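Listed below, chain by chain, are the residues.
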Amino acid sequence: MSSNHTDCHYCLQSLRGRKYALREENAYCVTCYDSLFANPCEKCKQPIECDSKDLAYKGRHWHEGCFKCAKCSRSLVEKPFAAKDELLLCTECYSDEYSSKCFHCQKTIMPGSRKMEFKGSSWHESCFVCQYCRQPLGTKPLITKDNENYCVPCFEKQFAHHCYSCKKVITSGGVTYHDQPWHKECFVCAGCKTQLSGQRFISKDEYPYCVDCFSKLYAKKCAACKKPITALGGAKFISFEERQWHGECFNCAKCSVSLVGQGFLTRQDDVLCHECGSA
C-alpha cells in the first residue's frame, strides 16, 4: 500500500513508491514487517507474509493454501472442520475416524445429527424404530428380541403369551401348566386360591390344587388311620374291595404285622394275617 508515511519505522528507508504495512500506526516496509511480525505457518513453518492471507484458529496460523484436512488434504477454507489431537480434519474424515457408527445400518452418525443411545450402542434417530410397525421408538418403552427392538404393543401382538386364567399378556416369567401359560400370580389352587408357583400341587379335572385342598376334597381316606391318601412322592397304598390303606397302615388288625405283599384274611371290616385269621 502507499500513503503519506515517508520512512519505514524499523529500517528508516524511504517508503516513497513502495508497499508498506501499518502496525500500531507505524509504517513498515514489507521486508521489515514480515521479519518482525509475520506468523509462522503451522503447516509449512514459513512466515505468512503481509501480502498473504493469514488464517488463524486457537492461536495457530496457516497460509490459505496450507489450511487443509490433515487426512484427505482437502481445503478447509470457509468449510466446517473439527480438531482432534491438534490436527484439523474435515467433517467427513472426522466422522469416519471418531464418530459413532449406527448399530442398525453401521453408517457414521454425523456430528450435529441427533443420535439415540440404547444398551451401550448408538443409533440414527431414523434407524431406532420398531421392527414391526417401523414407528420411531424415541424414549418410548420397548422390548428387545433377537437383537431387534419392538414397541410394547407390537411385541405383545407378535410374541407375548396370554395368561390362560386372566387372558392378559405375560410380559416376564410365568408358569406353564397343561401346555398353557399362566402368570405366577394367577396360578393358584382351585380350592383355596393360594399361589402354587414353586409349590407341590395335584391336578384334578385340569385344575391345580394344593395338597391340603386336594386331600380334603378328593383324596381317598385310609381305612385304618382315616387320613387322606395323596400318593405324593410315589407313596404306596393298598386297595381292596373299595377300601384303601396307606402302605404303612396295612397291618393285621390283631397282631399289627405288616400285610404288604403278604396273604391275608378278612373278618367283617378287619384284615388279618393267616395266623390270626386261623386262630
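Reading the values: rules and limits
Residues numbered from 1 in each chain as written. Predicted model: local features only at pLDDT ≥ 70, side-chain atom pairs only at ≥ 80, totals over all residues. Heavy atoms only, no water. UniProt positions renumbered as here; feature names shortened; annotations may be inferred. Pairing = 2+ DSSP bridges. Helix = DSSP H or I, 4+ residues; strand = E, 2+ residues; numbered from the N terminus. Phe/Tyr/Trp six-rings, centres within 6.5 Å; stacked < 30°, edge-to-face > 60°. Buried < 20%, exposed > 50% of the residue type's maximum accessible area, 1.4 Å probe, protein only. Lys NZ or Arg CZ within 6 Å of the ring centre and 35° of its normal.

Naming follows an unreviewed UniProt entry, where the chain appears as Four and a half LIM domains protein 5 of Himantopus himantopus. Listed under Function (unreviewed entry) in UniProt, the entry text for the chain is "May be involved in the regulation of spermatogenesis. Stimulates CREM transcriptional activity in a phosphorylation-independent manner."

Caption draft 1: View of the pairing of strand β6 (residues 87-90). Two elements, strand β5 (residues 81-84) and β6, share 4 bridges in a ladder whose sense is antiparallel. The residue bridging lysine 84 from the neighbouring strand is leucine 87, located in β6. Here β5 folds back onto β6, and the loop between the two strands holds 2 residues, one of which, aspartate 85, carries a positive phi near 50 degrees.

Caption draft 2: Representation of the packing of aromatic side chains. Enumeration according to the criterion identifies 21 aromatic pairs in this entry. With a centroid separation of 5.1 Å and an interplanar angle of 80 degrees, the aromatic rings of tyrosine 57 and phenylalanine 81 are classed as edge-to-face. Placement of tyrosine 57 in strand β3 (residues 54-57) and of phenylalanine 81 in strand β5 is noted, with a sequence separation of 24 residues between them. With a relative accessible area of 27%, phenylalanine 81 lands in the partly exposed category. Note that lysine 145 overlies the ring of phenylalanine 159, its terminal NZ or CZ placed 5.2 Å from the centroid.

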